[in-house]
Amino acid sequence: MLKGKKILLAITGSIAAYKAIILLRLLVKENAEVKVVLTPAASDFVSPLVLETLSKNEVIRGLASGSKWSNHVMLGRWADLMIVAPASCNTLSKMANGSCDNLLLAVYLSATCPVWIAPAMDEDMWKHPSTKRNIKELLTFNNKILQVGTGELASGLTGEGRMCEPEEILDELHQFFKPGKLNGLKAFVTAGPTHEKIDPVRFIGNNSSGKMGIELALALEKAGAETTLVIGPVSTPIPATTIKVIPVQTALEMQDVCAKIFPLTDIAIMAAAVADYRPKATASEKIKKSDSSMVIELVPNPDILKHCGSVKNTRQILVGFALETNNEEVNARSKLANKNASMIVLNSLNDAGSGFGTDTNKVTVFEDDGKVHSLPLQTKKEVATEIVSIITERWYENKDGK
């Protein structure tokens, strides 16, 4: 499954570095092309000669060797995936703070591929607030943090902090590179709220967490689609993937991005909770509180779903969302027709466990050919998987001319 995949294995100074040798061997057995980068401290824990023999590639340890320069930029662009395993507490801190004092860090800062990080350290170090902060920061950079294990540590104590096992990383790689039914297709998802500025510190928005849209993007990627996520301001972390993430703030910004992407797209899912209105004027300075009342004039925001529906061709699949509080089905079917969408996913705030901010959802999918799919209350990840399955079936029906 990993044949021909280009893996950059980055090893730091940790007693768990011996596991990197096992991981390298597993990758080579699956015919992956592996290049190895070491920090200076890593050479104290693992032999470069062993790594070169197994990988059949020169181990790269410094920015220069004699008159030869190690092109860290090209290394970061060469790989399909970079795995830092093990990642020491020191290297985690440097990665989180943008330090660049060795080749591994230079490659990391130049990498255009997804980056996976397998931490390895003693339990007290793993649980220290500074490490937690660094992990949180690394997640905001779209890195994937592999789960640490629990067991005997180098200190002699038993607890959390062990690097995950090479076989577990291999299983994750199989899932990541697993071919899907939507291979070769382009998809994009909108997610989260939009914030419409009143002044530099206040805005009109809503409570959308972006969780549903993020899960839909992940499900599309897992199915093989080349996926773009256009997302408003959210605090929900986005896992490290091949998904292209485009952050926006306002409805007008989201409209501009979607207008450019949609003509090049096979599948579009409009899951964002776009504000219906924005202030007609935005104050350049903070509006001071006074005893008098204040009136804010609002103007309609563009209807992004309707615009996409107006230019949609017969090949494209356009999916919209409808969050309703009354006359749910009538309103959803009306939106399906008025927006010229292929499908509308109905959310009802009357259903416990669904809607904004929850980890679960209960939806009904209405298709423009009359099909209706009622999905039970389940996790948003499960809902996203089922929605993408419905989309996939529809795509092949269209392709086959049914």
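Along each chain, residues carry numbers from 1 onward, in the same order as the chain's sequence is written. This being a predicted model, a pLDDT of at least 70 is required before a residue's local features are given, and a value of 80 or more before pairs of side-chain atoms are given or counted; all residues contribute to the totals for chains, interfaces and linings. Side-chain measures were taken over the full set of non-hydrogen atoms in the model, leaving aside hydrogen atoms and water.

Colleague: Account for the sheet that holds strand β10 (residues 186-191), naming residues and giving values.
Modeller: In a beta sheet, neighbouring strands are held together by backbone hydrogen bonds and run either parallel or antiparallel to one another. An order of β14-β13-β10-β15-β18-β19-β20-β21 is seen for the eight strands of this open sheet, with the pairing classed as mixed. Two strands close off the open sheet at either side, each with one partner strand: β14 (244-247) and β21 (372-379). Neighbour-to-neighbour, the strand axes of this sheet turn through a mean angle of 15°, independent of strand direction. Paired strands, as defined in this entry, are two strands with at least two bridges between them according to DSSP. The secondary structure listing takes helices from DSSP runs of H or I that are at least 4 residues long and strands from runs of E that are at least 2 residues long, numbered from the N terminus. The pairing of strand β20 (residues 360-367) with β21 spans six bridges and is antiparallel. All axes here are fitted lines through C-alpha atoms, helices being fitted over the stretch that makes contact, and every angle between N-to-C directions spans 0 to 180 degrees.

Colleague: Describe helix α1 (residues 17-29), and please don't skip the residues or the numbers.
Modeller: Expected span of a helix: the number of residues minus one, times 1.5 Å. Helix length check: α1 (13 residues) gives 19 Å between terminal C-alpha atoms against 18 Å at 1.5 Å per residue, within 8%. Three exposure classes are used, based on accessible area relative to the maximum for each residue type with a 1.4 Å probe and protein chains only: buried under 20%, partly exposed in between, and exposed over 50%. Among the residues of α1, A17, K19, A20, L23, L24, L26, L27 and V28 are the ones counted as buried. Only heavy atoms enter the contact rule, under which two residues are in contact if any of them lie within 4.5 Å. The inward-facing, buried residues of α1 contact β1 (6-11), β2 (33-38), α2 (48-55), β5 (81-87), β9 (158-162) and α8 (166-176). Just beyond α1, the residue with positive phi is N31, at close to 65°.

Colleague: Quick rundown of the nonpolar core? Include the residues and the values.
Modeller: L216, L220, L229, I267, I269 and I387 are the most contacted members of the largest nonpolar core, which totals 36 residues. Within the residue set of this core, elements represented by two or more residues are β10, α9 (211-222), β13 (226-231), β15 (267-270), β18 (317-324), β19 (343-348), β20 and α13 (380-399). Sequence-distant contacts of L229, defined by excluding residues within four places in its chain, comprise V189, A191, G213, I214, A217, I238, I243, K244, V245 and I246. As used in this record, nonpolar core signifies buried Ala, Val, Leu, Ile, Met, Phe, Trp, Tyr and Cys residues forming a set joined through side-chain atoms within 4.5 Å. Grouped together as the second largest cluster of nonpolar side chains are 33 residues, L27, V34, I169 and F177 included.

Colleague: Any details on α2? Residues and values, ideally.
Modeller: Along α2, the positions that sit buried rather than exposed are P48, L51 and S55. Summarising the axial view, the buried residues of α2 lie within an arc of 65°, below the 170-degree limit, and thus occupy one face. Structural note: α2 exposes L49 and T53 on the side pointing more than 90 degrees away from its buried face. For α2, the secondary structure elements touched by its buried residues are β1, α1 and β2. Here a polar contact is taken to be a pair of N or O atoms separated by no more than 3.5 Å, where protein atoms must pair a possible hydrogen donor with a possible acceptor and residues adjacent in sequence count only if both atoms sit in side chains. Where α2 begins, one side-chain oxygen reaches toward the backbone nitrogen of L49, 3.1 Å away; that side chain belongs to S47. Directions are taken from the helix axis to each C-beta atom, and the arc is the one they span.

Colleague: Hey, could you go over the sheet that holds strand β7 (residues 144-145) for me, with residue numbers and the actual values?
Modeller: Read across the open sheet, the five strands follow the order β2-β1-β5-β6-β7; overall the sheet is parallel. Strands with a single pairing partner mark the edges of an open sheet, and in this sheet they are β2 and β7. Alignment of β1 against β5, held across four bridges, turns out to be parallel. Considered in β5, the bridge of A10 is made with V84. In this fold α1 packs onto β1, β2 and β5, with an angle of close to 170° to the strand it touches most, β1.

Colleague: Any chance you could break down the side chain of T228 for me, citing the residues and the numbers?
Modeller: Topologically, T228 is positioned in strand β13. With near-sequence residues (within four places) excluded, T228 lies in contact with A187, F188, V189, I243, K244, I246 and I261.

Colleague: Break down the pattern of salt bridges for me, citing the residues and quoting the values.
Modeller: By definition here, a salt bridge exists when the distance from a side-chain nitrogen of Lys or Arg to a carboxyl oxygen of Asp or Glu is within 4 Å. This structure, assessed with the given rule, holds 16 salt bridges. The partner of K211 in a salt bridge is D359, and the shortest N-O contact between them spans 2.7 Å. In this pair, K211 is assigned in helix α9 and D359 in the loop between β19 and β20, connecting sequence segments 148 residues apart. Residue classification places D359 among the exposed residues on the basis of a relative accessible area of 53%. The shortest N-O distance in the salt bridge between D266 and R315 comes to 2.2 Å. Placement of the pair is D266 in the loop between α10 (251-261) and β15 and R315 in the loop between α11 (304-311) and β18, with a sequence separation of 49 residues. When its relative accessible area of 36% is taken as the criterion, R315 is described as partly exposed. Counted as one network, the salt bridges with shared partners bring together K19, R162 and E165.

Colleague: Mind laying out unusual backbone geometry, listing which residues take part and the relevant values?
Modeller: Leave glycine aside and you will find that most residues have negative phi; peptide bonds, for their part, are mostly trans. Along the chain, A85 connects to P86 via a cis peptide bond; the corresponding omega equals 0°. A positive phi angle, close to 55°, is found at N340, a residue other than glycine. Classification of N340 as partly exposed rests on a relative accessible area of 38%.

Colleague: Give me a nonpolar patch on the surface: which residues, what numbers.
Modeller: What makes a patch is a set of residues exposed beyond 30% relative accessible area and free of salt bridges, joined within 9 Å when like-charged and within 5 Å when nonpolar (Val, Leu, Ile, Met, Phe, Trp, Tyr). Each accessible area is a Shrake-Rupley result for a 1.4 Å probe, and residues are judged covered by the shown protein chains and nothing else. Side chains of Y277, M294, I296 and L298 sit close together on the surface and give an oily, nonpolar patch of about 380 Å² of accessible area. For M294, the position within the fold is in the loop between β16 (277-279) and β17 (298-300). A relative accessible area of 52% places M294 in the exposed class.

Colleague: I'd love a proper account of the packing of aromatic side chains, names of residues and values included.
Modeller: Ring geometry is summarised as follows: Phe, Tyr and Trp rings, the Trp one being its six-membered ring, pair when their centres sit within 6.5 Å, and such pairs are stacked at plane angles under 30 degrees, edge-to-face over 60 and tilted between the two. Applying the stated rule across the entire model yields three aromatic pairs. Ring centres of F176 and F177 lie 4.9 Å apart, and the angle between their planes is 85°; this geometry places the pair in the edge-to-face category. With 6.5 Å between their ring centres and 85° between their planes, F188 and F262 make a pair best called edge-to-face. Of this pair, F188 sits in strand β10 while F262 sits in the loop between α10 and β15, and the two are 74 residues apart along the sequence. Per residue, the accessibility class of F188 equals that of F262, and both read buried. One aromatic cluster is present, built from ring pairs that chain together W116, F176 and F177. Over the aromatic face of W78 sits the side chain of K35, whose NZ or CZ is 4.6 Å from the ring centroid. Two conditions define a charge sitting above a ring: the NZ of Lys or the CZ of Arg must be within 6 Å of the ring centre, and it must be within 35 degrees of the ring normal.

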